[in-house]
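# Analysis of the macromolecular model
The chain contents come next:
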There are 4 protein chains.
Amino acid sequence: MNTKQTILENALQFFASYGYDGASMSLIARETQITKAGIYSYFKNKEDLYIAVLDHLIAFHKEYWIKKKQRLKSASNEKRLKDSFIFSIQTAVKEPALIAFWQMAQISPPRSLEQVVTEKISASRNFLLAYFEEMFEAGKAAGEIETPHSSLTLAHSFYCLIEGASLKHVNANFPDYEATLLTIFELFWDGLEAREADEWKIV
Amino acid sequence: MNTKQTILENALQFFASYGYDGASMSLIARETQITKAGIYSYFKNKEDLYIAVLDHLIAFHKEYWIKKKQRLKSASNEKRLKDSFIFSIQTAVKEPALIAFWQMAQISPPRSLEQVVTEKISASRNFLLAYFEEMFEAGKAAGEIETPHSSLTLAHSFYCLIEGASLKHVNANFPDYEATLLTIFELFWDGLEAREADEWKIV
Amino acid sequence: MNTKQTILENALQFFASYGYDGASMSLIARETQITKAGIYSYFKNKEDLYIAVLDHLIAFHKEYWIKKKQRLKSASNEKRLKDSFIFSIQTAVKEPALIAFWQMAQISPPRSLEQVVTEKISASRNFLLAYFEEMFEAGKAAGEIETPHSSLTLAHSFYCLIEGASLKHVNANFPDYEATLLTIFELFWDGLEAREADEWKIV
Amino acid sequence: MNTKQTILENALQFFASYGYDGASMSLIARETQITKAGIYSYFKNKEDLYIAVLDHLIAFHKEYWIKKKQRLKSASNEKRLKDSFIFSIQTAVKEPALIAFWQMAQISPPRSLEQVVTEKISASRNFLLAYFEEMFEAGKAAGEIETPHSSLTLAHSFYCLIEGASLKHVNANFPDYEATLLTIFELFWDGLEAREADEWKIV
DNA sequence: AATGAATGAGGCTTCATTCAT
DNA sequence: TATGAATGAAGCCTCATTCAT
């Protein structure tokens, strides 16, 4: 029905599966049941199409998180964090292509769009980090969380946990993944209590 | 003499940065200071080159982990796990291309090699998972770890933690990443203690 | 509009002159005043183009022979055979490339198409042989031909005669070739009378 | 043992099967169990190799016919012609590649060697034609043959018959080919008797 | 909005050939 | 005599893109 939307969806799938260069306009066109030339009625060129997909994805997520924030305004911070975690995993389950596209965009963005893509992703990540940081800060203020780590550090850790867990689902079908993923969160949460900083060095 | 090695290294870099389709033989050849045709003295075709890179990578890791296992045979399990975690992060720091290539291979393997690549990766993952599981099992036996979760589940969680943390470094240069990464491990470790299983559902 | 036709004609010429491998797509494209890529709007690939040429040729011939059969339904069998012979030679004179292509297709078909080509040619040959056999049979029934040889054997002989004579024209410009070719037919026809089978052995 | 000879034989096979352009040096080398570069120890280049094969073939045949001529000096002309026919067919049976190569060389000689090849073949053909003509002339003188056709015309016809019959064997495996081929010769020979020249026209 | 035909650039691969060994 | 590595040219094909319709 809505051709543009269909193109976007198919483009997302193929960019996710085959990478920017591996996903040819022909392929996307064929799947959309339109001609290659037809795509150019909607998008100036391949780069334009890619950016459109990316923007779509970012907008969709941003909107979601904003609504979430509103709705859970008064919930406990544990609940809010747990909720964030679960939503992310659910996305990985229901729309693995979203995660794949997102990761691909970070690891190997289209050569010619490297800068633009990196900036957009960075902005989106910062938006989410800020939301997480806020929750941790609130959690500390409310006494829910006791830890010597800064809220920013915790936000980064949490973000990383989410990405790792999402990927885990996309990459590997392992047995009993629900248990595993929830285990991750639990361990994380349970670890959120005072403890002396360690002195290990990575480099 | 070591032209082959040089080709492999450059191929790894470009496959990691641009994806399989984005990394052209010309590019790899130019970087190696050889002609495109020259590459074909060493590798039957692009797929062959890709598989060679992948095999190289897998062999290198496998060898590392086996040595590690030998050397740390008598260390505490916390130390052994911590060590595994740190080594992975160090790899991400020193050779981000390895991680990038590895992730790309999972998320979007070359279309024509999908099955082969998936199998190789799966085998490699299982090898590591077994190693981790063994450590958790030993940790429980030694009383270091108290948790209702199965060792396999813990292994999966740990593996996921490592991949997440590695990617985190590759994708984003964030401030004070050492602290963040170690925080993740700490929280994980501290959480390893008895607690009632939760009843959340993801789907 | 008739670009496809032009491609087919040029392809026939070049396949005939240079063989499948010697006839490059560039060459065919240049002659057709189109880009190499342009050919791919009409033919999937080189093999496809080759097969199209072959099919065209076969279809053209089949159609011709069928019409001929209709038109000469009531003529004497000598006339019908003479006519077949002359038509074949005329083709060799007017369109030597047809004969060249046809022979090449039999002697050294494209490596990758060996089976398909052989089958198509075989079918076409059998069609013609059946037509010839029919004429010889009719000739015998009508008392025009007296010979101990089977009609099938005669058909094969006649077919062979025609191919030999056609090639003769294509390969060598010899003096007074009309006389020579007709001599061949005459000798053949005059020989069609009773005679005891010979006992020579070839191998 | 004799590497050069082996190369020549394999080259003949592949030139015959795949044509000049289709037969790559790699292919010939591989079959000879030598390196591509190794061939260049014996032949200056591909053209040189091709010409060597052709010369070899021509010399072999010439030698054969000269010997034959000597040996059958006193036989009847029917026997001598029959013998020539049978030898040719036997060659087609035992060494189809020779015939294939020979036809290919006529129909589509290597582009760059067109002139040289054509001249060599022409010379070889003329040599044989002269031999045939001589036999027909002698046959007439001896009263074995009665026909209004010139000996040269008969020689051409006979040559054509032989090529047609040889090809027939190479191209198509048909049932009872011995009978067919001999039928051809018989019909030809039986036709060699006086008869009024016909007035058909080919063009 | 959508198409079919066409294009120039570039991708992967093979080719004939050379050269140092 | 023979090799392995290397090369420049060329071959087939696909790509992103355009344009007239």
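An account of the accompanying structure is given in this report. (Residues numbered from 1 in each chain as written. Chains lettered and ligands numbered in written order. Predicted model: local features only at pLDDT ≥ 70, side-chain atom pairs only at ≥ 80, totals over all residues. Heavy atoms only, no water.)

### Topic: the protein's contact with DNA strand F
Selection rule: Think of it this way: one heavy atom of a residue within 4 Å of a molecule or strand is enough to make that residue near it. Numbering of helices and strands runs from the N terminus; a helix is a DSSP stretch of H or I covering at least four residues, while a strand is a stretch of E covering at least two. The nonpolar class holds Ala, Val, Leu, Ile, Met, Phe, Trp, Tyr, Cys and Pro. Asp, Glu, Lys and Arg form the charged class, and all remaining residues, Gly among them, are polar.
The environment of DNA strand F is made up of 32 residues, and the closest members are A:Lys46, B:Thr35, B:Tyr42, D:Thr35 and D:Tyr42. Here the atoms of DNA strand F within 4 Å of the protein split so that 64% fall in sugar or phosphate, with bases taking the remainder. Contributions of two or more residues to the surface near DNA strand F are made by α2 (25–32) and α3 (36–39) of chain A, α3 (36–39) of chain B, α2 (25–32) and α3 (36–39) of chain C together with α3 (36–39) of chain D. Residues that form the surface near DNA strand F fall into these classes: 14 nonpolar, 14 polar and four charged.

### As for the relation of the copies chain A and chain B
Quick reminder of the rule: For this overlay, a least-squares fit was computed on C-alpha atoms, restricted to residues scoring pLDDT of at least 70 in both copies. The contact rule is simple, with two residues in contact once any of their heavy atoms fall within 4.5 Å.
Mapping chain A onto chain B is achieved by rotating through 180° and translating by 0.0 Å along the same axis, at an RMSD of 0.1 Å. What we have between these two chains is a two-fold relation. Most of the interface of chain A is mirrored in chain B: 100% of its interface residues are interface residues there too.

### Details of the environment of B:Asp21
In this structure, B:Asp21 sits in helix α1 (residues 3–22). Each C-alpha atom of the pair B:Asp21 and B:Leu49 lies 13 Å from the other, and the pair is 28 residues apart in sequence. In this view, B:Asp21 contacts A:Tyr18, A:Asp21, A:Gly22 and B:Lys46; residues no more than four positions away in its chain are not counted.

### Side note on the protein's contact with DNA strand E
Definition in use: Counting of polar contacts relies on pairs of N or O atoms within 3.5 Å, with two restrictions inside protein: one atom must be capable of donating a hydrogen and the other of accepting it, and residues adjacent in sequence are counted only when both atoms are side-chain atoms.
Close contacts around DNA strand E come from 32 residues, with A:Thr35, A:Tyr42, C:Thr35, C:Tyr42 and D:Lys46 the closest. Close to the protein, within 4 Å, the atoms of DNA strand E belong to sugar or phosphate groups at a rate of 63%. Within the contact set of DNA strand E, a phosphate oxygen lies 2.6 Å away from a side-chain nitrogen or oxygen of D:Lys46. Counting only elements with at least two residues in the surface near DNA strand E, the list comes to α3 of chain A, α2 (25–32) and α3 of chain B, α3 of chain C together with α2 (25–32) and α3 of chain D. In terms of residue class, the surface near DNA strand E is built from 14 nonpolar, 14 polar and four charged.

### Considering the interface of chain A and chain B
Where we set the bar: The term buried area means the drop in 1.4 Å probe accessible area that two parts suffer when joined, counted for both and summed. By definition here, a salt bridge exists when the distance from a side-chain nitrogen of Lys or Arg to a carboxyl oxygen of Asp or Glu is within 4 Å.
Counting residues at the interface gives 61 residues for chain A, matched by 63 residues for chain B. Summed over both sides, the interface of chain A with chain B buries roughly 5,700 Å², with 64% coming from carbon and sulfur. Remark: the boundary between chain A and chain B carries zero salt bridges. When contributions to the side of chain A that touches chain B are tallied by element, the ones reaching two or more residues are α1 (3–22), α5 (77–94), α6 (96–107), α8 (151–171) and α9 (177–191) of chain A.

### Observations concerning the interface of chain D and chain C
The partner chain C presents 63 residues to the 60 residues of chain D that form the contact. Counting the surface lost from both chain D and chain C, the interface buries some 5,700 Å², and carbon and sulfur atoms represent 64% of this. Joining chain D to chain C, the criterion identifies zero salt bridges. Our enumeration of links across chain D and chain C arrives at seven residue pairs in polar contact (both at pLDDT 80 or more). Counting residues per element, the ones that place at least two in the side of chain D that touches chain C are α1 (3–22), α5 (77–94), α6 (96–107), α8 (151–171) and α9 (177–191) of chain D. The element that contributes the greatest number of residues to the side of chain D that touches chain C is α9(D), accounting for 14 residues. Class assignment for the residues of the side of chain D that touches chain C results in 30 nonpolar, 16 polar and 14 charged.

### Side note on the packing of aromatic side chains
This is how the line gets drawn: Note on aromatic contacts: the rings of Phe and Tyr and the six-membered ring of Trp form a pair at centre separations within 6.5 Å, being stacked when their planes are under 30 degrees apart, edge-to-face when over 60 apart, and tilted otherwise. Partly exposed describes any residue whose relative accessible area lies between the buried limit of under 20% and the exposed limit of over 50%, with all areas from a 1.4 Å probe on protein chains only and scaled to the type maximum.
Going through the model one piece at a time under the given rule, you end up with 81 aromatic pairs over all chains. Where A:Phe14 meets A:Tyr18, the ring centres are 5.8 Å apart and the plane angle is 25°; that geometry is what we call stacked. You can see A:Phe14 and its partner A:Tyr18 sitting in helix α1, four residues apart, about one turn around the helix. By relative accessible area, A:Tyr18 is classed as partly exposed at 22%. When the ring of D:Phe85 is compared with that of D:Phe185, the centres are 5.3 Å apart and the planes differ by 35°; the resulting orientation is tilted.

### As for the relation of the copies chain D and chain C
Between the two chain copies there is a screw-like relation: a rotation about an axis and a shift along it. Mapping chain D onto chain C is achieved by rotating through 180° and translating by 0.0 Å along the same axis, at an RMSD of 0.1 Å. Of all interface residues in chain D, 100% are interface residues in chain C too; the two copies therefore contact each other through one and the same surface.

### Considerations on α1(A)
Residue and element names in this part refer to chain A. Heads up, the rule is: Here a helix's expected span is defined as the number of its residues, less one, multiplied by 1.5 Å.
For α1, with 20 residues, the first-to-last C-alpha span of 22 Å runs short of the 28 Å given by 1.5 Å per residue. If you check which residues of α1 are buried, you get Ile-7, Leu-8, Asn-10, Ala-11, Leu-12, Phe-14, Phe-15, Ala-16, Gly-19, Tyr-20 and Gly-22. Between the side-chain oxygen at the start of α1 and the backbone nitrogen of Lys-4 there is a gap of 3.3 Å, and the oxygen is on Asn-2.

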